[in-house]
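Structural characterization, general
So you can see what is in the structure, the chains are spelled out below.
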Amino acid sequence: MDISLTNSATRKKERFTPLDPGNVRMYVCGPTVYDRAHLGNARPVVVFDVLYRLLRHVYGPEHVTYVRNFTDVDDKINARAAESGRAIGEITAETTQWFLDDMGALGALEPSIRNGADHERAMPRATQYIAQMVAMIEALIDKGHAYAAEGHVLFAVDSWTDGYGRLSGRSVDDMIAGARVEVAPYKRNPMDFVLWKPSSVDLPGWESPWGRGRPGWHIECSAMAEALLGKTFDIHGGGNDLMFPHHENEIAQSCCANGTEKMAQVWLHNEMLQVEGKKMSKSLGNFFTVRDLLDQGVPGEVIRFVMLSTHYRKPMDWTEKKAKEARGHLAAWDRLKRHGLSQELSALQLAELVDENVIDALCDDLNTSGAINRLFEMAAAAKTSELDSRQLRSFFATLEFLGFKNLDVERLQRRSAIETAHEKAVLKAHQHSLIEARAEAMQSKDFSEVDRLKAALTAAGVEVRMSKTDVELVEGPDFDPSKLEDLA
RNA sequence: GGCGGGUUGGCGGAGAGGUUACGCAGCGGAUUGCAAAUCCGUGUAGACCGGUUCGAUUCCGGUACCCGCCUCCA
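Here's a quick rundown of the structure. (Residues numbered from 1 in each chain as written. Chains lettered and ligands numbered in written order. Predicted model: local features only at pLDDT ≥ 70, side-chain atom pairs only at ≥ 80, totals over all residues. Heavy atoms only, no water.)

Regarding the overall build of chain A
Counted only if it meets this: In this description a helix means any DSSP run of H or I spanning at least four residues, a strand means any run of E spanning at least two, and both kinds are numbered starting from the N terminus. Note on classification: 1.4 Å probe, protein chains only; a residue is buried when its accessible area is under 20% of the maximum for its type, exposed when over 50%, partly exposed between these limits. What makes two residues a contact is simply this: any of their non-hydrogen atoms within 4.5 Å. Think of it this way: Lys and Arg go in the positive column, Asp and Glu in the negative one, and His and the chain ends go nowhere. Charged groups are reduced to one reference atom each: NZ for lysine, CZ for arginine, CG for aspartic acid, CD for glutamic acid.
Across its full length, chain A holds 17 helices and 15 strands. By its C-alpha atoms, chain A is 95 × 55 × 40 Å across when sized along the principal axes. Every one of the 488 residues in chain A was classed for burial, and the buried ones make up 52%. For chain A, restricting intrachain contacts to residue pairs at least 6 apart in sequence, the fraction spanning at least 24 positions comes to 74%. In chain A, 58 positive and 72 negative side-chain charges are present, and the distance between their average locations comes to 3 Å.

A few points about the protein's contact with RNA strand B
For clarity, the threshold we go by: Note on definitions. A residue lies near a molecule or strand when any single heavy atom of the residue is within 4 Å of it. Here a polar contact is taken to be a pair of N or O atoms separated by no more than 3.5 Å, where protein atoms must pair a possible hydrogen donor with a possible acceptor and residues adjacent in sequence count only if both atoms sit in side chains. Under this grouping Gly is polar, as are all residues other than the nonpolar Ala, Val, Leu, Ile, Met, Phe, Trp, Tyr, Cys and Pro and the charged Asp, Glu, Lys and Arg.
Around RNA strand B, the structure places 48 residues, and the nearest of them are Lys 76, Asp 241, Lys 279, Lys 383 and Met 466. Taking all atoms of RNA strand B within 4 Å of the protein, the share assigned to sugar and phosphate is 61%. In the model, a base nitrogen of RNA strand B is placed 3.1 Å from a nitrogen or oxygen of the Leu 273 main chain. Between RNA strand B and Ser 369 there is a distance of 3.4 Å, counted from a sugar or linking oxygen to a side-chain nitrogen or oxygen. For the surface near RNA strand B, the secondary-structure elements that each account for two or more residues are helix 1 (39-59), strand 11 (273-275), helix 11 (320-340), helix 14 (368-383), helix 17 (448-459) and strand 14 (462-466). Of all the elements, helix 11 adds the most residues to the surface near RNA strand B, at 6 residues. Grouping the constituent residues of the surface near RNA strand B by class yields 14 nonpolar, 14 polar and 20 charged.

So, the pattern of salt bridges
We apply this condition: We define a salt bridge as a contact between a side-chain nitrogen of Lys or Arg and a carboxyl oxygen of Asp or Glu at a distance within 4 Å.
Applying the stated criterion across every chain yields a total of 25 salt bridges. Here Arg 313 ties to Asp 365 by a salt bridge, and the two come within 3.1 Å at their closest N and O atoms. Taken together, the residues span a long stretch of sequence, with Arg 313 in the loop between helix 10 (300-308) and strand 13 (316-318) and Asp 365 in the loop between helix 13 (356-363) and helix 14 at a distance of 52 residues. The exposure class of Asp 365 is buried, given its relative accessible area of 2%. A salt bridge links Arg 374 to Asp 355; the shortest N-O distance between them is 2.8 Å. Of this pair, Arg 374 sits in helix 14 while Asp 355 sits in the loop between helix 12 (347-353) and helix 13; the two residues are 19 residues apart in sequence, bridging distant segments of the chain.

Notes on the sheet that holds strand 10 (residues 264-270)
We count it as follows: Two strands form a pair only when DSSP identifies at least two bridges running between them. A fitted line through C-alpha atoms serves as each axis, taken over the contacting stretch for helices, and the angle formed by two N-to-C directions is quoted from 0 to 180°.
Strand order in the open sheet formed by 4 strands is 4-3-9-10, with parallel pairing between adjacent strands. Because the sheet does not close on itself, it has two edges, and the strands there are strand 4 (64-68) and strand 10. Recorded for the sheet is a direction-independent mean angle of 20° between the axes of neighbouring strands. The sheet contact formed by strand 9 (residues 233-239) and strand 10 spans 6 bridges and is parallel. For Gly 238, the partnering residue across the bridge sits in strand 10 and is His 269. Sheet strands touched by helix 8 (residues 243-258): strand 9 and strand 10. Its angle to strand 9, the strand with the most contacts, is close to 160°.

So, the packing of helix 14 against helix 15 (residues 390-401)
Inclusion rule: Geometric relationships in this document are graded by angle, where less than 35 degrees denotes roughly parallel, more than 145 denotes roughly antiparallel, 65 to 115 denotes roughly perpendicular, and other angles denote oblique. Take the far helix as the reference: if the near one is turned anticlockwise from it by less than a right angle, the crossing is left-handed, and if turned clockwise, right-handed.
Two numbers describe how helix 14 lies on helix 15: the axes approach to 8 Å, and their chain directions differ by 150°. Classified by the angle their axes make, helix 14 and helix 15 are roughly antiparallel. Viewed along their axes, helix 14 and helix 15 form a crossing whose handedness is left-handed. Residues Leu 375, Met 378, Ala 379 and Ala 382 of helix 14 pack against Gln 391, Leu 392, Ser 394, Phe 395, Thr 398 and Leu 399 of helix 15. Counted by class, the contact of helix 14 with helix 15 contains 7 nonpolar, 3 polar and no charged residues.

Some words on the side chain of Asp 49
Position of Asp 49 relative to the elements: it lies in helix 1. Looking at Asp 49, the relative accessible area reads 0%, which means it is buried. Excluding residues that lie within four positions of it along the chain, Asp 49 makes contacts with Pro 44, Gly 107, Ala 108, Leu 109 and Arg 304.

A closer look at helix 8
Summarising burial for helix 8: 14 of the 16 residues are buried, a large majority. After helix 8 finishes, the residue Gly 259 shows a positive phi value of roughly 65°.

Quick look at the sheet that holds strand 12 (residues 278-279)
Taken in spatial order, the 3 strands make up an open sheet running 12-11-13, and their pairing is mixed. The open sheet has two edge strands, strand 12 and strand 13, and neither has a second partner. Two strands pair when backbone bridges link them, and strand 11 and strand 12 are joined in this way by 2 bridges, in the antiparallel orientation. Across the sheet, the residue bridging to Gln 274 is Lys 279, located in strand 12.

Some details on the packing of helix 1 against helix 10
If you want to describe how two helices pack, look at the angle between their axes and the distance between the axes. Look at helix 1 against helix 10: their axes get within 10 Å of each other, and the N-to-C directions meet at 80°. Comparing their axes, helix 10 and helix 1 come out roughly perpendicular. Where helix 1 approaches helix 10, its residues Leu 39, Ala 42, Arg 43, Val 46, Asp 49, Val 50 and Arg 53 are matched on the opposing element by Ile 303, Arg 304, Met 307 and Leu 308. Its residues placed into classes, the contact of helix 1 with helix 10 shows 7 nonpolar, no polar and 4 charged.

Comments concerning the side chain of Thr 65
Take Thr 65: it is sitting in strand 4. At 2.8 Å, the side chain of Thr 65 and the side chain of Asn 23 are in polar contact. Ignoring sequence-local partners within four residues, the contact set of Thr 65 consists of Asn 23, Val 24, Arg 25, Met 26, Ser 112, Ile 113, Arg 114 and Leu 229.

Shape is all these values report; function is a separate question.
Shown next as structure tokens:
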């Protein structure tokens, strides 16, 4: 069961061989916490969640470490605090929890250290690693890769011309030619980037050998990755817009400070997300967050399905139509589950029931759309099998493995759980009267009473499904129980 | 200007050098008191120009068009 992945560093699909199969280590760049995650932010989370699940399946959950940071020191956060008058810590804590809630709704597992636990440590906050950043910057200065100037510390790209630009396929000369970088007078080379910058009293800052200041962007990932995963680890992931400069700079910092050849063995980058064929942007008015969709009644599973239906290295287009189709598929599978499984699968069963063809698809450079196609095949076979058949159990185990646990896509539109329970009892009563009425009507051939009940139920937003032997009542999105009160 | 990705049937979207992708929609049928759900069947492809080959949508080269990044927006 070999995994192959397209390594951005070599631009080739390569067989994945962990440095230490006993501890496969992956780092994914997490959010800067100043606002709700938008849909584009969700893509790498979902993509790398699938990879995490695959690695756990192949190497064992206790042999995989997945780290994803929260960057909670950044000028965007400072700006947000300044304009809102709120405390920075309040903003970052709130936004961090939003992120966890929203990504959890998408079925994403929380990162963890090896044993599937220790989520807190696997989601490090930049502000908890300032000391490690300072130490790394000092090492860079000692080795001649960085210099202090006017309260700043800068990385000297000319000190590492062999390595700098290798990931993104640019040379320092090329970049200078079309440079749009800030040309600060204290920079030796215009491409030099900030490792540390001075903070005025009104900005967050930490004491350092270069005075009170704060870290530049990039250094937090280098420091946290080293602290939690070591100087060289297996996989580093993120959106492809991070390839330059963020990842390029991370590599420069880590390799030069640690004296290593590589920061990560494999670099993975997902393509960007579009909305209805266009880049998502505030100016086009097609910008929305994951929470916006959830609030509109689009469940996380639908978002996840749409995300996984496009390969991670291709642009992914979010469209209403795709969301609608995804909802339809999940709803059909939910019906299949209610009729096909008499009980939930145990955790023990889950791992062994995961379909090998789905695993094979994922092993082939994370071919998630191939995996979904396999799901359709499995569903077709499962449909015609007996109650609790292996096909059915395997199908739903595989769905759960892929992060689709709750297939009830209409649930967001319904009332709270307590109300739902009450509604179920009400519906049960109506279901019985409908069954009786129909039985009578079958004899008398007078269906007026059946039609009356059915019409009333439909008007109240209940879907009435009649089969030869049974009557099923399902609350639809517009279900309003009050409309059933005067129904006899 | 530099770097990278893409172009498949009405739509979405894969794999494979030669055999049905699949899904949605459409159409036909079965089932059904009606309606759902479900089942069966079915048409439509591979941007353009060359090359390699017995044979390419699949490999190689070129052209056109589209898109992203290089602007701390993932």
